[in-house]
Amino acid sequence: MTILEVEKLTKTFGGLTANKEISLQAEANKITAVIGPNGAGKTTFFNMITGVYKPTSGSIKLRGESIGGLKPHAVAKKGISRTFQNIRLFGPITVLENVLVGMHTHLKAGIFGTIFHLPGVDKEERIAEREAYRLLEYVGLEEHYNDEAASLSYGSQRRLEIARALATKPSVLLLDEPAAGMNPKETADLTGLIEKIKQEMDMTIILIEHDMKLVMEISDYIYVLDHGELIAEGLPAQVRHDKKVIEAYLGKGAAEEQEAEG
Amino acid sequence: MKKILDQIRGNKWLQLGLLVGYIALTSLSLILAQRSVAAFLLLLLSFLLLYYTKLPNWSKWAIGLAIMFFILPFSAMQGPAYQEYMDVATLVGIYVSMALGLNIVVGMAGLLDLGFVAFFAVGAYTYGIFATAQANNFMPFGTYPLSGNSFWIFIILGCFVAALFGVLLGIPVLRVKGDYLAIVTLGFGEIIRIVFNNMDQPVNITNGALGLSSIAPPKIFGIELLYSNQIYFVVLFILLFIIFAVRSLEHSKLGRSWKAVRENEIAAQAMGIPLVKTKLMAFAIGASFSGMMGVVFAAKQAFIDPTSFTLLQSINILVMVLLGGMGSVPGVILGAAVVTILNAQVLNELTMWFNSLSTAGIITLPDAMSPVKMQRFFFGALLILFALYRSKGLIPAKNVVYDKRKFLSEKGTKKRLQSVAAPKEDEHDHTGS
């Protein structure tokens, strides 16, 4: 079943076309990868889906409902959550509070209820804290729950971003280069975590990643962008041998060489 | 010496004993000394000591309330400077409330507001206009001035009117960020003052530069509250409510979303936090505290004019927040108290002391060098020193420390968990966009 359907999405910044008529379908409970060289327009694509940029044209549908052009917080509410390429945690507040911020849309406390501690508000808060702690356990950060988010190691910060994104209880999770800057051990752990989220939480995941080993290992389907255009799509095995893809990554010469060898 | 300090640090009963002794000593000296600013200040210092003791929270509050309600008024009552002390204490309460309001805007939500005094002015004029004959000029019904009994309603009214102005300011202004926001809010503050200054024509609403005089004092059970020692308790009740509210908000859903917006707007939005609505809430709540105190200020002074609400005042309140520690509630309370006392009492006393010295012929101090006139210099120097050596303020903001035993052990949460987990389609905060 298709959960997220993107059709002919285009974004231009003045004269520059960052994304040109990109279509994508994310299947339920599958990992869809979006790859491409630097500057291919992958993050722009994510930013349009999550409402940070307004698409110039094209449509985005979540379970058949159009979400194109909605504000980011409204998109989050519809059930799309994301992590960021350059980590965007709330640095000076605690790890647990970061996850609690992710629960924002699910907490009902109003201003008067909060000020006067109406029954229910405190209870709701306890439940949220507990749930946030469970999520930290899930990504393996429960020991640090009272630490400042900025004090975590790089790899842990990436994990915390994932926990925070999960706290919004999304139906689609967008991961923007989750393994960037990680060492091989951390990357392997992360691969396991992403697999676990997919299976245990029935999550639909869309992934931008440069680490080809990770991508080939866990992706169910791959889309390849170059210069803002979709140049190939298919199963990992197909994409791996696609001439255009090799060309985009390694240059024309390499593609011909490989062809001569093969 | 170190050994003794360590022992004090570890033993809370010893701390309690010393604190009680200190309070007894300072309040006694305040009673005995006919007029001693030092004793008064030392007694106020006991709040700070109280803050640093390791006593449980409820007992800290109990001792704090006892000082505020009984010990301080009682020991000040004995001397001839009673009203003077209470006046300072009342001013401290007013400024602490305003600083706590600004702290929400600047410290928690990270929106630099240089025109904060405008909301104070709005509150003050809300009461001022209707508690004098001024309202007769433009109101088609009713007779004015309203009696002092209406003061209590006006506290709430001032709160809402100021909140409304906060939202009105926020809607156009929140499109800009950072430095630009500071400039625009500065402009807003000046606009409000100038508007009040000029709204005597064509219809005389604010009485212009002449100001509003003989504003009705608050009245309760037929008693007019004319003196500072009476107003003090009014301020105290409002202040306690504000501290309670701020404390509740700080670690709530709303407080967290303010901090999230402050730290990273894009990430905050991606977590489902509506940006505009969250910022407007900060403006409105911050402004409402200021508005309430504006009403009290108008009633206390019985006279207001636009010169009470200048840019310098806004900066004054900002200095309190910066000095105390942005985002830190105890810090801001301390900062506001220090600045107000310095302004209202210490500098005056120093000037008087220098004057008496020069009349006695011991030193000669040119008039331009008197401490009162150098007030701005002192604040400037203080700010520079703080920026250099303690940039996070007197008491830096601390994160709440969660106790996992508390939220993990709670019974009956399992079932509720799922109901919270279910996505809600019909939530009510769509309005923010």
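- Going by what an unreviewed UniProt entry lists, chain B is known as Branched-chain amino acid ABC transporter permease and is assigned to Terribacillus saccharophilus.

- As annotated in an unreviewed UniProt entry, chain A carries the name ABC transporter ATP-binding protein and comes from Terribacillus saccharophilus.

**A word on helix H14 (residues 329-359) of chain B**
All names here are of chain B.
Piece 1. The end-to-end C-alpha separation of H14 is 44 Å, in line with the 45 Å expected for 31 residues at 1.5 Å each.
Piece 2. The largest bend in H14 is about 45 degrees, located at Leu-342.
Piece 3. The residue sitting at the N-terminus of H14 and contributing the capping side-chain oxygen is Ser-328; that oxygen lies 3.0 Å from the backbone nitrogen of Gly-331.
Piece 4. Looking one or two places after H14, you find Gly-361, whose phi comes out positive at around 85 degrees.

**Section: the pairing of strand E7 (residues 172-176) of chain A**
Residues and elements named next belong to chain A.
Piece 1. A large share of E7 lies buried, amounting to 5 of its 5 residues.
Piece 2. Both faces of E7 are covered, namely the face carrying Val-172, Leu-174 and Asp-176 and the face carrying Leu-173 and Leu-175.
Piece 3. In the sheet, strand E6 (residues 80-82) pairs with E7 via 3 bridges, with the strands oriented parallel. Bridged to Ser-81 within E7 is Leu-173.
Piece 4. Here E7 pairs with strand E8 (residues 204-208) via 5 bridges, running parallel. Pairing of Leu-174 across the sheet is with Ile-206, part of E8.

**Regarding the packing of aromatic side chains**
Piece 1. One pass over the structure, following the stated rule, counts 18 aromatic pairs over all chains.
Piece 2. Arranged with centres 5.7 Å apart and planes meeting at 75 degrees, the rings of B:Phe116 and B:Phe119 form a pair that is edge-to-face. Considered together, B:Phe116 and B:Phe119 belong to a single accessibility category, that of buried residues.
Piece 3. It is A:Arg88 that lies over the ring of A:Phe84; its NZ or CZ is 5.4 Å from the centre.
Piece 4. Note that A:Lys196 overlies the ring of A:Tyr138, its terminal NZ or CZ placed 4.4 Å from the centroid.

**A short note on the domain arrangement of chain A**
All names here are of chain A.
Piece 1. For chain A, the assigned domains read domain 1 (1-79 + 170-262) and domain 2 (90-166).
Piece 2. A straight line from the C-alpha centre of domain 1 to that of domain 2 covers 28 Å.
Piece 3. Every contact between the two is made by 19 residues of domain 1 and, on the other side, 11 residues of domain 2.
Piece 4. It is Met-182, Leu-193 and Met-201 in domain 1 that bury the most area against domain 2; as a group they hold 30% of the surface buried on that side.
Piece 5. Here domain 1 is connected to domain 2 by 0 salt bridges.
Piece 6. Of all the secondary-structure elements, those providing two or more residues to the side of domain 1 that touches domain 2 are E7 and helix H7 (184-200).
Piece 7. Broken down by element, the side of domain 1 that touches domain 2 gets its largest block of residues, 7 residues, from H7.

**Comments concerning the nonpolar core**
Piece 1. Within the largest apolar cluster, 114 residues are counted, with the highest numbers of intra-cluster contacts made by B:Tyr127, B:Trp258, B:Ile304 and B:Phe309.
Piece 2. Examining the composition of this core, we find that 18 residues originate from one element, helix H5 (residues 82-108) of chain B, more than from any other.
Piece 3. Residue-level mapping places this core at the junction of two domains, with at least three residues from each of domain 1 (1-80) and domain 2 (88-325) of chain B.
Piece 4. Once residues lying within four places of it in the same chain are set aside, the contact partners of B:Phe309 are B:Val117, B:Phe120, B:Ala121, B:Ala124, B:Tyr125, B:Arg193, B:Phe297 and B:Ile304.
Piece 5. In terms of nonpolar packing, the next biggest core, distinct from the first, is built from 40 residues, A:Ile31, A:Ala128, A:Leu175 and A:Ile205 among them.

Criteria and cut-off values
Residues numbered from 1 in each chain as written. Chains lettered and ligands numbered in written order. Predicted model: local features only at pLDDT ≥ 70, side-chain atom pairs only at ≥ 80, totals over all residues. Heavy atoms only, no water. Helix = DSSP H or I, 4+ residues; strand = E, 2+ residues; numbered from the N terminus. Expected span 1.5 Å × (residues − 1). Bend = angle between axes of the 7 residues up to and from the residue. Polar contact = N/O pair within 3.5 Å; in protein donor to acceptor, adjacent residues only side chain to side chain. Buried < 20%, exposed > 50% of the residue type's maximum accessible area, 1.4 Å probe, protein only. Pairing = 2+ DSSP bridges. Phe/Tyr/Trp six-rings, centres within 6.5 Å; stacked < 30°, edge-to-face > 60°. Lys NZ or Arg CZ within 6 Å of the ring centre and 35° of its normal. Domains from an automatic or database assignment. Contact = heavy atoms within 4.5 Å. Buried area = accessible area lost by both parts, 1.4 Å probe. Salt bridge = Lys/Arg side-chain N within 4 Å of Asp/Glu carboxyl O. Core = buried A, V, L, I, M, F, W, Y, C linked by side-chain atoms within 4.5 Å.

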